[in-house]
Amino acid sequence: MALALGVATQGATASTANVADAGVAGAAASLAPAAAPVSMRWEILRNELSAQGGRTKARLSVTPLRGQSLPAQGWSLYFNCMDGLLTGPLPGNLLLEQVVGGSLFRVRPTAGFKGLPAGRTLNIDYDYPNLVIKMARAPVGPYLVFDAAPEVAYAINDYQQRLPTRPEQLQRPRDQHALVTTQDIYRRNAGADVLPAGALPPVFPTPLQLKTGSGTVRLVRAPQVISGPGLQNETAFARALFARYLPHGDTSRAPVPLRLRINAIDGQTSPEAYELTISGEAGINITGNSAAGVARGLQSLHDLLPLPSASPSDGAQLALPELEITDAPRFAYRGFQLDVARNFQPKEVVLKTLDLMAAYKLNKLHFHLTDDEGWRLEIAGLPELTSIGAVRGHYTKEGQRLPPTYGSGPRTDDPHGSGYYTRADYIEILRYAAARHIEVIPEIEMPGHARAAVKAMEARYHRMRAAGEQGAAQYLLNDFDDRSVYRSPQEYTDHVINPGLESSYAFIEQVVAQVVTLHREAGAPLKTMHVGGDELPHGAWEKSPLSRALMEREKLAGTADLWDYFYNRVDGILRKHGMFASGWEELGARRSEKEGGQQLPNPRFTQRGFSLYVWNNTPGNEDFAYRLANAGYDIVLAPVTNMYLDMAANPNPEEPGVNWGAYVELDSVYDFKPLGASLTDAGRRRIRGIEATLFSETIRDASRLDYLMMPRLLAVAERAWAADPAWALEPDPARAAALHRAAWSGFVNTLGQRVLPRLDLERGDVRYRIAPPGMVVEGGKVLVNHALPGLTLRYTTDGSAPTARSKPVTGPIGTKGVIRAAAFDRTGRAGLVARIVNR
């Protein structure tokens, strides 16, 4: 029999995210009544290389379960696939179609398909237009829909992606995507020395000046915190800091004083500068140029505490080294961009991220709240932004919700496809950040990357028109007569805000005003807003009658001038609210046809105070950030080849992440030199700082976020806070290499022996990446090392995966046969497993 269609549809279920009421109303259409009674497998058949790069042939295998069958007609298999597929007829009388702009595709039968009997497998072979190297491009979120009940979607839960292992599956250009072997990893790890604990820098990130004393200060009870005005949060943090170590103490002895105060630090102008002194005579003293400086000093004091034990005793005591630290950040901007639009992250994940940022002295959260695939913030007066724009799921009628994307599947209650922050949520996030001296910079994407907003305002228009209400077009963002032909890198053809509509600026004004209000209510006034500006596709606006009319009225020569007009208006809105504009590099760029399409600084906005976030340092654009700075733009460096944490660490299939820009290992981040040789003196002063960027296309759970973020974020913290390292300034290559080895050894040993173990023991909820060990065979024995000395290495000789009970690696392994090894954190969690054969 064919798959059953008559199962009653369940109602909407509760979700940890906020799912807009209007999006859930009628959401039964996309809440699967049951999982599809089919299994599905995906694999690469082969990679085919060519002079142009090549293409990949892949296979989806669908097998009906429990005696079911698949009919000859009347069904569609939906799934998401990043970066596009070759659509059209497939072998076996099937058709592959792109459903809407974006990543949603479907396979359906055509005339001649005979159906699939029970117990048989349907192999669906199709092509990618280029090579598939990373598993991020495999189909995700599959579901079945039958023509007889198009509103009902059956999620395929029994779905597996098979890692490529065969030679034909792993064909790839060796100069770009060569597989990384365990021997390669060993050689890379050998670039650092294993250091004793006593040789490690005591504070992370590396402080500006540190002078150690000869003695220690012993504490048998928590210190007495004595603080000045304006330090309520810091006082509470200081008191809580010692509770884990000294819960009870000898009350017969006077406590060591811990004094916190705000006062000028000699020679340091940064508000985050601080002095930390510990001495037997004066106790512990932290002075900051501001409360933020005191907070950074407390984090350094935290570093000096011993790693916590599981259960401190009543007689516990600890010793702190006598020392003097004078410290200040190299850059005023030390940021992390969290994308919650592509895949939503709940409020608790954001708060956890802020905790991690504060622990390592990062101070800017670039909050990517909106994009094509989701609008994640409640805006008063525009409920459709969240009732439509914050909900993804299967639909049969345009305007109900956004389509499934990035594996969110057919259900509207998927916690990463759907969800948003209420006004109260957002205010809580702002206050939490402010208490940790972290500035939240919201990003509202425009004019591209705006499909969620465009479709939400279009739905608003149609709803109000149908109800006969006034003002339906008040916030409309698209020209219904626009015949422009374009396609974004994410495959969208209808996602651009149209500058020819006055309602577009009314919308931006409403959103900006409401976000400003939220920040004001939180006590964290906005200084800037990130207004996107990236990846406007070629061809946008060109055949819009309303845009053409505006160009004629304003005597604009082309769409490049129309871009300037748009951002001149946007800048005016921000300035009215007391803000300067931030945006991606394209905000201050012009593409010159005379220069072969090369990007050039746009002279129009150099005096506006724009702050540009420059991601593109790919070949041909290596110095673009510096050219923009020299032209007069303030710059935040966010280079894709060093700071994009959504990039995979290496080309191996098992390593998660994407690879469109680079592969980013821990040392890729650490080795970044922010100040290029082409900077003028004026240009150097325009470099505000650096930012790590994490887009969330592949992040469907918090552990994947942790994995991609950590420990690479620690290298960002070091590079953003610490002074320019000696190895980066040394002109002699041999001397520079020796200095680099010493500094790198200190960094990775500090992470492996102290920073990450503290994270394990104090939090235990950060599932950071534990890289596979490196392994080589030398002299008949297996040598094992790791990127982070200090993590426990364990191995097996029977072919099984190592566990927390496996033998520890204490030296060369002489056993013959298959040796498998893995590193373990302090909670017993294993990292990726390495394998080698000792013959």
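Residues numbered from 1 in each chain as written. Predicted model: local features only at pLDDT ≥ 70, side-chain atom pairs only at ≥ 80, totals over all residues. Heavy atoms only, no water.

The next point concerns unusual backbone geometry. Following phenylalanine 204, the chain continues to proline 205 via a peptide bond in cis, the omega torsion being -5°. That bond from methionine 710 to proline 711 is cis: its omega, 5°, falls within 30 degrees of zero. Turning to its location among the elements, proline 711 is positioned in the loop between helix 17 (702-709) and helix 18 (712-721). In this structure, histidine 437 takes a positive phi of about 60° despite not being glycine. Relative to the helices and strands, histidine 437 is located in the loop between helix 8 (423-435) and strand 21 (439-443). For histidine 437, a relative accessible area of 23% puts it in the partly exposed group. The backbone of glutamate 491 sits at a positive phi, close to 80°, despite the residue not being glycine. Topologically, glutamate 491 is positioned in the loop between helix 9 (451-467) and helix 10 (502-522). (Helix = DSSP H or I, 4+ residues; strand = E, 2+ residues; numbered from the N terminus. Buried < 20%, exposed > 50% of the residue type's maximum accessible area, 1.4 Å probe, protein only.)

So, on to the confidence of the model for the chain. Close reading of the predicted structure is inappropriate where its pLDDT is low. Per-residue pLDDT for the chain has a mean of 93; in total, 94% of the residues score no lower than 70. Low pLDDT (under 50) marks residues 1-32, which in the prediction has 81 contacts with non-local residues, meaning those over four places away or in another chain. (pLDDT = per-residue confidence, 0-100. Contact = heavy atoms within 4.5 Å.)

Right, let's talk about helix 11 (residues 545-554) for a bit. Within the span of helix 11, buried status applies to Ser547, Leu550 and Met551. When helix 11 is viewed along its axis, its buried side chains cluster within an angular range of 100° and face the same direction. Turned more than 90 degrees away from the buried face of helix 11 sit Glu552 and Arg553, all of them exposed. Among the structural elements, helix 12 (559-576) are those in contact with the buried residues of helix 11. (Arc of directions from axis to C-beta.)

Membership of the largest hydrophobic core comes to 153 residues, with the highest contact counts inside it found for Phe336, Leu365, Phe367, Trp375, Leu385, Phe507 and Ile635. Counting residues per element, this core draws most heavily on helix 10, at 9 residues. Ignoring sequence-local partners within four residues, the contact set of leucine 385 consists of Trp375, Ile379, Ala390, Ala453, Ala456, Met457, Phe507 and Val511. (Core = buried A, V, L, I, M, F, W, Y, C linked by side-chain atoms within 4.5 Å.)

Taken as a whole and assessed by the stated rule, the structure comprises 49 salt bridges. Among the ionic pairs, aspartate 339 bridges to arginine 342, the shortest N-O distance being 3.6 Å. On the accessibility criterion, aspartate 339 (1% relative accessible area) is buried. Judged by its relative accessible area of 3%, arginine 342 falls in the buried class. One salt bridge in this structure joins aspartate 825 and arginine 829, with 3.2 Å as the shortest N-O distance. Assigned by exposure class, aspartate 825 and arginine 829 land together as buried. Each of Asp339, Arg342, Asp371, Glu373 and Glu697 takes part in one network of salt bridges that share partners. (Salt bridge = Lys/Arg side-chain N within 4 Å of Asp/Glu carboxyl O.)

What follows concerns the packing of helix 4 (residues 232-241) against helix 5 (residues 291-304). One can describe the packing of helix 4 onto helix 5 by two numbers: an axis separation of 10 Å at closest approach and a directional angle of 10°. The pairing of helix 4 with helix 5 is recorded here as roughly parallel in orientation. Within the contact between the two elements, helix 4 uses Glu234, Phe237, Ala238 and Leu241 and helix 5 uses Ala291, Val294, Ala295, Leu298, Gln299, Leu301 and His302. Of the residues assigned to the contact of helix 4 with helix 5, the class counts are 8 nonpolar, 2 polar and 1 charged. (Axes fitted to C-alpha atoms, helices over the stretch in contact; angles between N-to-C directions. Parallel < 35°, antiparallel > 145°, perpendicular 65-115°, else oblique. Nonpolar A, V, L, I, M, F, W, Y, C, P; charged D, E, K, R; others polar.)

Turning our eyes to something else, we now look at helix 6 (residues 347-359). Relative to the 18 Å expected for 13 residues at 1.5 Å per residue, helix 6 spans 19 Å between its end C-alpha atoms, a close match to the ideal helical length. Burial analysis of helix 6 places 10 of its 13 residues in the buried class, the great majority of the element. Restricting attention to buried positions, one finds in helix 6 the residues Lys347, Val349, Val350, Leu351, Lys352, Thr353, Leu354, Leu356, Met357 and Ala358. If you follow the buried residues of helix 6, they end up packed against helix 5, strand 17 (333-339), strand 18 (364-368), helix 8, helix 17 and helix 20 (733-762). (Expected span 1.5 Å × (residues − 1).)

Another point: the side chain of threonine 422. Considering the arrangement of structural elements, one finds threonine 422 in the loop between helix 7 (384-387) and helix 8. A polar contact of 3.0 Å, which involves the side chain of threonine 422, links it to the backbone nitrogen of aspartate 425. (Polar contact = N/O pair within 3.5 Å; in protein donor to acceptor, adjacent residues only side chain to side chain.)

As summarised here, the arrangement of the 6 strands in space is 11-16-14-15-13-12, forming an open sheet in which the pairing is mixed. This sheet does not close on itself; its edge strands, each paired only once, are strand 11 (209-219) and strand 12 (224-227). Strand-to-strand twist across the sheet, computed as the mean angle between neighbouring axes with direction ignored, equals 20°. (Pairing = 2+ DSSP bridges.)

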